[in-house]
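Next come the chains, spelled out residue by residue.
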Amino acid sequence: MSKVAFVTGAARGIGAATAARLAADGFTVAIADLDEAACKTAVDAIAAAGGQAIAVGCNVSDEASVDAAFERVAAELGSIDALVNNAGVLRDNLLFKMSVEDWDTVMSVHLRGAFLCSRAAQRYMVKQKSGKIVNTSSVSALGSRGQANYSAAKMGIQGFTRTLAIELGPYGINVNAVAPGFIVTDMTDATAARVGVDPEDFRKAAAEITPLRRVGKPEDIANVVSFLCSADSSFVTGQTIYVDGGRKL
Ligand SMILES: NC(=O)c1ccc[n+]([C@@H]2O[C@H](COP(=O)([O-])OP(=O)(O)OC[C@H]3O[C@@H](n4cnc5c(N)ncnc54)[C@H](O)[C@@H]3O)[C@@H](O)[C@H]2O)c1
């Protein structure tokens, strides 16, 4: 039976590309997102490429929803071998304009979500004494104007990753994080719209301050997640790998 990967926020963007790559690597993939119906395009794309995937409605911030989703996937697909905590939202604002709701929403999806999903996944991984967890940080963890909530959550993800690596390592579970730079998705297009810049100009400006002189594609992240979910990374744990074209240099 093939290994099973659970990818959150996988209906589109980086999550969808990661799900497609893991399916090409041989995983059966649970495409989890807020709205199960919205996962259909990603599931169909995997099926069309000869892979296997199912759609799973799951709100990563909600304990009951997460536990039910993992129980369903383990029952239907047989195990949970890899978890990619990718679901994310932005609620950008300068500190003096940031509402408590903006703060709580971001903490709730990124940190509470990664916590709830990792806790659910380890129930299966610890029993089988193997597993891979990949969390999603960001270059914004290093400081980003207008993103006090997001930056704090994304640096929190790095501490969370190191601690899970310590706790779960003895059970053969690798826990790492990727920290994307500018990756072209609906999320970056929405940011361009919010600051009133044409998405193409926004991308050009980001490429100009990136040593590799381009912005990223979702596949750039998927490639690294694929490595972190493979046997080739079996002695790598607790790390955050920046996948940012050198942006943070
Ligand atoms: N795009 C970038 O430049 C960039 C850079 C650094 C980090 N990231 C991170 O990468 C991840 C993916 O980003 P993206 O650009 O593909 O974003 P995106 O907005 O295109 O996709 C995010 C997905 O997460 C889902 N989601 C949101 N809240 C959820 C919840 N509570 N439960 C389940 N699913 C939920 C959304 O429905 C959406 O499908 C996020 O964690 C983001 O913070 C993105």
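Below, the structure is looked at part by part. From a predicted model like this one, the values you see are computed outputs, not experimental measurements. (Residues numbered from 1 in each chain as written. Predicted model: local features only at pLDDT ≥ 70, side-chain atom pairs only at ≥ 80, totals over all residues. Heavy atoms only, no water.)

**Description of the packing of aromatic side chains**
Tallying each qualifying case throughout the model produces two aromatic pairs. Seen from the ring of Y242, K248 lies directly overhead, with NZ or CZ sitting 4.6 Å from the centre. (Phe/Tyr/Trp six-rings, centres within 6.5 Å; stacked < 30°, edge-to-face > 60°. Lys NZ or Arg CZ within 6 Å of the ring centre and 35° of its normal.)

**With respect to the site of the ligand**
Neighbouring the ligand are 29 residues; R12, D33, N86, Y150 and T185 lie closest to it. Take G181: an N or O atom from its main chain is 3.2 Å from an oxygen atom of the ligand. In this structure, I183 approaches the ligand through a main-chain N or O atom, which is 2.8 Å from an oxygen atom. Coverage of the ligand by the protein chains reaches 93% of its 830 Å² of free accessible surface. Among the elements that take part in the shell around the ligand, helix α6 (residues 186-194) stands out by supplying three residues, more than any other. Its residues assigned to classes, the shell around the ligand shows 12 nonpolar, 13 polar and four charged. (Near = heavy atom within 4 Å. Polar contact = N/O pair within 3.5 Å; in protein donor to acceptor, adjacent residues only side chain to side chain. Areas by Shrake-Rupley, 256 points an atom, 1.4 Å probe, with all protein chains shown as cover. Helix = DSSP H or I, 4+ residues; strand = E, 2+ residues; numbered from the N terminus. Nonpolar A, V, L, I, M, F, W, Y, C, P; charged D, E, K, R; others polar.)

**Observations regarding the sheet that holds strand β7 (residues 240-243)**
Strand order in this open sheet of seven strands is β3-β2-β1-β4-β5-β6-β7, and the pairing throughout is parallel. For this open sheet the edge positions go to β3 (52-57) and β7, each flanked by a neighbour on one side alone. Direction aside, the axes of adjacent strands within the sheet are offset by 20° on average. Where strand β1 (residues 4-8) meets strand β4 (residues 82-85), three bridges bridge the pair, whose relative direction is parallel. Across the sheet, the residue bridging to V7 is V84, located in β4. (Pairing = 2+ DSSP bridges. Axes fitted to C-alpha atoms, helices over the stretch in contact; angles between N-to-C directions.)

**Re the side chain of D220**
Within the secondary structure, D220 is located in helix α8 (residues 218-228). Among the polar contacts listed, one links the side chain of D220 to the side chain of R214, at a separation of 2.8 Å. One polar contact links the side chain of D220 to the main-chain amide nitrogen of K217, over a distance of 2.7 Å. Beyond its immediate chain neighbours, meaning those up to four positions away, D220 contacts R214 and V243. (Contact = heavy atoms within 4.5 Å.)

Any functional reading would require information that these geometric values do not contain.
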